[in-house]
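Fold and contact review
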Amino acid sequence: MSEIIIDDQTDNEQQRIGRILDGKHEEYAWFVNTYSQRVLHFTSQMLPDAEDAREVSQDAFVKAFRSLASFRFQSSFCTWVCRIAYRESINRLRRKQLHYVDLADIPAVADDELSTGKEERIALMEEAIDDLPPDERLLLHLYYYEDRPLREIAYIMDAESNTLASRLHRIRKKLLQLIKQKDNE
């Protein structure tokens with residue numbers, strides 16, 4: 001198990017959670033007010049329908065509230081609620097029966113092909129990213145746009161860091177293939 005680092009924010013969260021568990025449920029509003037936009041942004045990365053993203057965000061906060069006594073401060077509250085939101089998003093996508101591409105079938109391509117710097121390549125890259133399944137888009141977003149460490153992403157996505165590093169590598173290869181296809185269209 002990894003070492004838990006306690007900072008002022010974690011200490012503040014622990015105190016608030018203690019008060020909530022002691023019956024001061026109105027304290028939970030602080031968590032919702034503080035983190036609701038971040039969680040909504042997070043769910044929006046996976047769920048293309050804005051209403052679905054809002055519902056899943058709300059569901060995640062409700063589930064977090066109900067499970068508050070089991071929160072062990074192995075992460076920040078925000079990371080924990082994002083983990084819940086991730087699972088809820090996956091469940092929502094499964095109910096909608098979206099299909100995923102098997103990344104193992106994608107042939108290897110040199111990573112340096114993306115470094116052209118041309119605006120057309122950037123536009124093709126953005127289109128290719130939009131074509132990825134939601135969980136792959138989310139992984140790219142968390143890693144490259146939010147600059148989150150793999151350890152934190154692994155916690156949210158309930159996966160091993162090494163597995164996610166391999167997935168990132170395969171996703172980059174997949175993006176190269178998608179860009180080549182779009183380039184030839």
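Residues numbered from 1 in each chain as written. Predicted model: local features only at pLDDT ≥ 70, side-chain atom pairs only at ≥ 80, totals over all residues. Heavy atoms only, no water.

**Some remarks on the overall build of the protein chain**
Each helix and strand in the protein chain was counted, giving 8 helices and 0 strands. What you see in the protein chain, going N to C, is helices and strands ordered as α-α-α-α-α-α-α-α. Burial status across the protein chain gives 41% buried among its 185 residues. Entry remark: accessible area of the protein chain is about 10900 Å², with carbon and sulfur atoms responsible for 46%. (Helix = DSSP H or I, 4+ residues; strand = E, 2+ residues; numbered from the N terminus. Buried < 20%, exposed > 50% of the residue type's maximum accessible area, 1.4 Å probe, protein only. Areas by Shrake-Rupley, 256 points an atom, 1.4 Å probe, with all protein chains shown as cover.)

**Looking at the environment of V32**
Mapped onto the elements of the fold, V32 is located in helix α2 (residues 28–46). In this structure V32 comes out as partly exposed when scored by relative accessible area, which is 29%. Here the alpha-carbon distance between V32 and V62, two residues 30 residues apart in the chain, equals 9.8 Å.

**What about unusual backbone geometry?**
With phi around 55°, D147 is a residue other than glycine that occupies positive phi space. With respect to the helices and strands, the residue D147 is situated in the loop between α6 (134–145) and α7 (150–157). Exposure remark for D147: the relative accessible area of 64% places this residue in the exposed category. Of note in the backbone geometry, D158 takes a positive phi value of approximately 55° without being a glycine. Relative to the elements of secondary structure, D158 occurs in the loop between α7 and α8 (161–184). Owing to a relative accessible area of 48%, D158 belongs among the partly exposed residues under this scheme.

**Some details on the environment of R54**
Position of R54 among the secondary structure elements: in helix α3 (residues 50–66). Considering only alpha carbons, one finds R54 and S44, 10 residues apart in sequence, at a separation of 8.0 Å.

**Remarks on the confidence of the model for the protein chain**
Taken as a whole, the protein chain shows an average pLDDT of 81; of its residues, 81% reach a score of 70 or greater. Contacts for the low-pLDDT stretch residues 1–6, under 50 throughout, to residues beyond four places or in other chains number 7 contacts. Considering only residues more than four positions removed or in separate chains, one finds that residues 98–111, a stretch of pLDDT under 50, has 26 contacts. (pLDDT = per-residue confidence, 0-100. Contact = heavy atoms within 4.5 Å.)

**Observations concerning the pattern of salt bridges**
Enumeration over the complete set of coordinates arrives at 13 salt bridges. One salt bridge connects R19 with E27, and the closest N-O pair in it is separated by 3.3 Å. Notably, a salt bridge pairs R92 with E55, separated by 3.2 Å at the nearest N-O pair. Placement of R92 in helix α4 (residues 77–95) and of E55 in helix α3 is noted, with a sequence separation of 37 residues between them. By relative accessible area, which is 10% here, R92 ends up buried. It is possible to trace a salt-bridge network through shared partners that takes in D52, E55, D59 and R92. (Salt bridge = Lys/Arg side-chain N within 4 Å of Asp/Glu carboxyl O.)

**Looking at the state of the cysteines**
Overall, the coordinates contain 0 disulfides when judged by the stated rule. Free cysteine: C78, not disulfide-bonded; nearest cysteine sulfur from C82 at 4.3 Å. Classification of C82 as buried rests on a relative accessible area of 0%. (Disulfide = S-S within 2.5 Å.)

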